[in-house]
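# Summary of the model geometry
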Amino acid sequence: MRKPLIAGNWKMNLLYSKVPEYLQTLSREINAKSHLKRDQVDVLLAVPAPFLGIAREYGEKNGILIASQTVHEKADGAFTGELSIPMLKDLGIRWTLIGHSERRQYYNETDAAVALKTKACLDHGINAIVCVGETRAEREGNQTETVLKRQLEAVLQQTGKADNFVIAYEPVWAIGTGLTASDEQAQAAHAFIRTVLRQKLGGAADGMRILYGGSVKSSNIKGLMQQPDVDGALVGGASLDPVEFARIVDCQ
Ligand code: PEP
């Protein structure tokens, strides 16, 4: 049985001074849903780097996991502006996103770079949420499976283990556009991803969580979560409002 993971990605939004209030509101809203058992779903927020410390402090008090939005594969060195795994661990952060499509698109993160970062995380016992997904042109050109396989195999060649490893399927055409993959499109992509994972990791792939991301809202989460291979969500825009994000957490 895979425990659902509902992850928010604030991207470059919100303010340090608003973090405590956000986390307290989110926790209060989740707790107000009396049918929702806190231990039945993992809730996570990927926050901007300057917020990691305070978000961890308030996240811990409120049962919410905190993640970085990216990480560098090297432990230290002359890499201005970057953030290392030992720095995250020292702050008490145990999760990070890797290879979000915005990192791939705007910062030239290649499949090889994503693979190295993932390997570094798994080697150091940090949980990696690795994002994969096709562009609109790739989907229209029937390249979805080819792209997913290429992105996944690059990572799997470096890693070879399922622990601490979550995949987020995020069709690029659905991110921040208001377009969502249909429940059937999401299930088909997730089932394909699990098949690729199984080829490399065997039965361990059945325990891995595969999240869906792309314009997830409280109005579409339930249908997505009913799909057998959808184990949670990675939520961008709708995670900026703690009341709406709590409704998404209440997704079963
Ligand atoms: C994301 O940032 O990963 C994302 C899916 O964004 P949105 O929910 O806004 O489409």
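Before reading further, recall that the structure is shown in the block above.
Below or above, wherever it landed, is the structure these notes cover.

Grouped together as the largest cluster of nonpolar side chains are 69 residues, with contacts concentrated most on Leu26, Leu45, Ile167, Ile193, Leu197, Tyr212 and Phe245. Per-element accounting of this core gives the leading share, 7 residues, to helix H8 (residues 183-201). Setting aside its immediate chain neighbours within four residues, Leu45 contacts Gly8, Trp10, Tyr22, Leu23, Leu26, Ile64, Leu65, Ile66, Ala67 and Phe245. In terms of nonpolar packing, the next biggest core, distinct from the first, is built from 13 residues, Cys131, Val166, Leu211 and Leu234 among them.

Right, let's talk about the sheet that holds strand S3 (residues 65-68) for a bit. Strand order in the closed barrel formed by 8 strands is S1-S2-S3-S4-S5-S6-S7-S8, with parallel pairing between adjacent strands. Pairs of neighbouring strands in the sheet enclose a mean axial angle of 25°, with direction left out of account. Sheet topology note: the strand S6 (residues 165-169)/strand S7 (residues 210-213) ladder contains 3 bridges and is parallel. Following the sheet pairing, Tyr169 is matched in S7 by Tyr212. The strands touched by H8 are strand S5 (127-132), S6 and S7; relative to S7, the strand with the most contacts, the crossing angle is about 145°.

Note on placement: Ser182 falls in the loop between S6 and H8. As for Ser182 and Gly223, which are separated by 41 residues in sequence, their C-alpha atoms are 8.8 Å apart.

Parameters and conventions
- Residues numbered from 1 in each chain as written.
- Predicted model: local features only at pLDDT ≥ 70, side-chain atom pairs only at ≥ 80, totals over all residues.
- Heavy atoms only, no water.
- Core = buried A, V, L, I, M, F, W, Y, C linked by side-chain atoms within 4.5 Å.
- Buried < 20%, exposed > 50% of the residue type's maximum accessible area, 1.4 Å probe, protein only.
- Helix = DSSP H or I, 4+ residues; strand = E, 2+ residues; numbered from the N terminus.
- Contact = heavy atoms within 4.5 Å.
- Pairing = 2+ DSSP bridges.
- Axes fitted to C-alpha atoms, helices over the stretch in contact; angles between N-to-C directions.

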